[in-house]
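Chains, contacts and geometry: an overview
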Amino acid sequence: METAERFRAAVEKGDLGALDDLFTDDIRLYSPVKFRPFEGKDMVLGLFGVLLRTFEDLRYLGRLDGAAETGTDGQEAPSVVLPFRALVDGKQIHGIDLLQFDEEGRIKEFTVMVRPQSAVQTLGRAVLAGLVADGLAPAPDTKD
């Protein structure tokens with residue numbers, strides 16, 4: 001089974017362990033809720049641990065194959081887009097996962113886009129809470 005299908009199966013089953021060998025060590029994940037990418041396999045796997053707990057009823061709707069320029073080196077890379085739907089705190093999210101691969105077929109860049117804006121905000125709050133709970137991000141400063 002090729003990488004995109006293995007990724008899809010792992011996410012749909014909530015199998016974090018199966019994602020480990022699909023990512024390059026220096027993977028970058030571009031999130032709709034954070035300006036800078038999440039970098040490195042350990043951080044991205046930690047984020048996926050949070051995401052797998054946060055998304056409810058996640059299901060992929062199809063697949064688009066092609067190639068696109070990466071954000072890291074500006075080179076065109078084999079790419080797959082996986083449209084999905086899920087619930088987060090009762091809000092319906094519609095999104096896409098853009099997976100971009102290295103020459104060995106591992107995921108080197110991952111971009112997530114979701115809509116609508118209210119769902120992005122809900123997702124951002126839920127992910128931040130999960131990252132803080134898992135010790136992957138500091139608690140937000142609540143001072144004005």
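What you are looking at is a predicted structure, and each value in this text was computed from that prediction instead of being measured.

**Points about the nonpolar core**
- Judged by nonpolar contacts, the single largest core of 38 residues is most densely connected at Phe7, Leu19, Phe23, Phe48, Phe55, Phe84 and Ile107.
- Setting aside residues up to four positions removed in sequence, Phe84 forms contacts with Phe55, Leu58, Arg59, Tyr60, Leu61, Ile93, His94, Gly95, Ile96, Asp97, Val112 and Val114.

**Let's talk about the pattern of salt bridges**
- Under the definition given, this model contains 12 salt bridges.
- Between Glu12 and Arg8 there is a salt bridge whose closest N-O contact spans 3.5 Å. Of this pair, Glu12 and Arg8 both sit in helix H1 (residues 3–13), separated by four residues, roughly a single helical turn.
- On the basis of relative accessibility, which here comes to 39%, the residue Glu12 falls in the partly exposed class.
- Owing to a relative accessible area of 19%, Arg8 belongs among the buried residues under this scheme.
- In this structure, Glu104 and Arg106 form a salt bridge, with 3.3 Å as the shortest nitrogen-oxygen distance.

**Concerning the packing of aromatic side chains**
- For the structure shown, the criterion picks out seven aromatic pairs.
- On the basis of an interplanar angle of 85° and a centroid distance of 5.9 Å, the ring pair of Phe7 and Phe48 is categorised as edge-to-face. Remark: Phe48 occurs in helix H2 (residues 41–54) and Phe7 occurs in helix H1; sequence separation between them is 41 residues.
- Take Phe48: its relative accessible area is 4%, and that puts it in the buried class.
- In this structure, Lys34 packs its charged tip against the face of Phe38, placed 4.6 Å from the ring centre.

**Let's talk about the environment of Leu131**
- Inspection of the secondary structure puts Leu131 in helix H3 (residues 117–133).
- Owing to a relative accessible area of 6%, Leu131 belongs among the buried residues under this scheme.
- It is 9.1 Å that separates the C-alpha atoms of Leu131 and Gly49, two residues lying 82 residues apart in sequence.
- If near-sequence neighbours (up to four positions away) are discounted, Leu131 is found in contact with Phe38, Met43, Leu47, Val50, Leu136 and Ala137.

**Notes on unusual backbone geometry**
- With omega at -5°, the peptide bond leading from Arg115 into Pro116 counts as cis.
- Structurally, the position occupied by Pro116 is in the loop between strand S7 (107–115) and H3.
- With a phi close to 50°, Asp89 is a non-glycine residue in the positive phi region.

**Let's talk about H3**
- The terminal C-alpha atoms of H3 lie 24 Å apart, and with 17 residues this matches the ideal 24 Å at 1.5 Å per residue to within 8%.
- Of the positions making up H3, those classed as buried are Ala119, Val120, Thr122, Leu123, Gly124, Ala126, Val127, Gly130 and Leu131.
- Check the buried side of H3 and you find it contacts strand S2 (38–39), H2, strand S5 (76–88), strand S6 (91–101) and S7.
- At the exit of H3 stands Gly135, carrying a positive phi of roughly 75°.

**What to know about the pairing of strand S1 (residues 23–30)**
- Both S1 and S7 contribute to a ladder of four bridges, which runs parallel. Bridge pairing in S7 places Tyr30 opposite Thr111.

Criteria and thresholds
- Residues numbered from 1 in each chain as written.
- Predicted model: local features only at pLDDT ≥ 70, side-chain atom pairs only at ≥ 80, totals over all residues.
- Heavy atoms only, no water.
- Core = buried A, V, L, I, M, F, W, Y, C linked by side-chain atoms within 4.5 Å.
- Buried < 20%, exposed > 50% of the residue type's maximum accessible area, 1.4 Å probe, protein only.
- Contact = heavy atoms within 4.5 Å.
- Salt bridge = Lys/Arg side-chain N within 4 Å of Asp/Glu carboxyl O.
- Helix = DSSP H or I, 4+ residues; strand = E, 2+ residues; numbered from the N terminus.
- Phe/Tyr/Trp six-rings, centres within 6.5 Å; stacked < 30°, edge-to-face > 60°.
- Lys NZ or Arg CZ within 6 Å of the ring centre and 35° of its normal.
- Expected span 1.5 Å × (residues − 1).
- Pairing = 2+ DSSP bridges.

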